[in-house]
Amino acid sequence: IPFGQANTLLTGDKLTVVTWGAMVERCEIAATELANEQELSLEVIDLRTIQPWDKETVLASVKKTGRCLIVHEDNLTAGFGAEIAAVLAKEAFFDLDAPIERLTMPDTPNPHNIHLLNAAVPTVERIKATMIDCVEI
């Protein structure tokens, strides 16, 4: 797999979901469940690498859907999702129908206890709820 080449896991036209790492599986599950439950057509992109990252794939998807949700397991403040949001705000501003959303861990130290970690990182349920909010804006 070449560095910097994203993988589009699901194609859709209502929302672009950009993710990487451990959140990929959760986002794919959430999007698939919403497709089955509510017939929502969501596009899920696994960046696979963040340095470099596949800006062209993300921009093309956002231009198609008009909406973007960035999901990752890092903190909200100064996480890599902020870089993606900044690029989209500059290069896809007129293509957006809604604000760019980010779903991350809260700005707290990364917990090592499995129960605290599961409470902090985005769950499938929170991802689904945020996906619905993004589409309904």
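Residues numbered from 1 in each chain as written. Predicted model: local features only at pLDDT ≥ 70, side-chain atom pairs only at ≥ 80, totals over all residues. Heavy atoms only, no water.

### With respect to the nonpolar core
Here is a general trend for soluble globular proteins: nonpolar side chains tend to be buried in one another's company. Test applied: What we call a nonpolar core is a set of buried Ala, Val, Leu, Ile, Met, Phe, Trp, Tyr and Cys residues that are connected through their side-chain atoms within 4.5 Å. Buried residues are those whose accessible area, probed at 1.4 Å on protein chains only, stays under 20% of the maximum for their type, while exposed residues exceed 50% and partly exposed ones sit between those limits. Secondary structure elements follow DSSP: runs of H or I of four or more residues count as helices, runs of E of two or more count as strands, with numbering from the N terminus. Here, residues are in contact when the closest pair of their heavy atoms is within 4.5 Å.
Leu15, Val17, Leu42, Leu69, Val71, Ile127 and Met131 are the most contacted members of the largest nonpolar core, which has 22 residues in total. Per-element accounting of this core gives the leading share, six residues, to helix 5 (residues 124-136). If near-sequence neighbours (up to four positions away) are discounted, valine 71 is found in contact with Val17, Val18, Thr19, Trp20, Met23, Cys27, Leu103, Pro122 and Ile127. Ranked by size, the runner-up nonpolar core spans 18 residues in total, among them Phe80, Ile84, Ala92 and Leu96.

### Things to note about the packing of helix 1 (residues 23-38) against helix 5
Our working definition: Helix axes are fitted to C-alpha atoms over the stretch in contact, other axes to C-alpha atoms as well, and angles between N-to-C directions run from 0 to 180 degrees. When an angle is under 35 degrees it counts as roughly parallel; over 145 it counts as roughly antiparallel; between 65 and 115 it counts as roughly perpendicular; any other value is oblique. In this scheme the crossing of two helices becomes right-handed for a clockwise turn of the near helix relative to the far one and left-handed for an anticlockwise turn of less than a right angle.
Contact pair helix 1 / helix 5: the axes reach a minimum separation of 9 Å and the direction vectors enclose 55 degrees. One finds that helix 1 runs oblique with respect to helix 5. For the pair helix 1 and helix 5, the crossing hand works out as right-handed. Contact residues: Arg26, Cys27, Ile29, Ala30, Ala31, Glu33, Leu34, Glu37 and Gln38 in helix 1; Val124, Ile127, Lys128, Met131 and Ile132 in helix 5.

### Section: the packing of aromatic side chains
Definition in use: Only Phe, Tyr and Trp rings take part, Trp by its six-membered ring, and two of them pair if their centres are within 6.5 Å. Stacked means planes under 30 degrees apart, edge-to-face means over 60, and tilted covers everything else.
All chains considered together, the criterion is met by three aromatic pairs. Between tryptophan 20 and phenylalanine 80, the aromatic rings sit 5.9 Å apart at their centres with planes inclined by 85 degrees, giving edge-to-face as the arrangement. Highlighted residues: tryptophan 20 in the loop between strand 2 (15-19) and helix 1 and phenylalanine 80 in helix 3 (residues 80-91), separated in sequence by 60 residues. Take tryptophan 20 and phenylalanine 80: they sit in the same class, and that class is buried. A centroid spacing of 6.1 Å and a plane angle of 85 degrees characterise the contact between tryptophan 53 and phenylalanine 80, whose relative ring orientation is edge-to-face. In this pair, tryptophan 53 sits in the loop between strand 3 (42-46) and helix 2 (55-65) while phenylalanine 80 sits in helix 3, placing the two residues 27 residues apart along the sequence. The pair tryptophan 53 / phenylalanine 80 is uniform in exposure class, with both members buried. Members of the aromatic cluster, each reached through a chain of ring pairs, are Trp20, Trp53 and Phe80.

Everything listed here is a matter of coordinates, which is why it stays silent on function.
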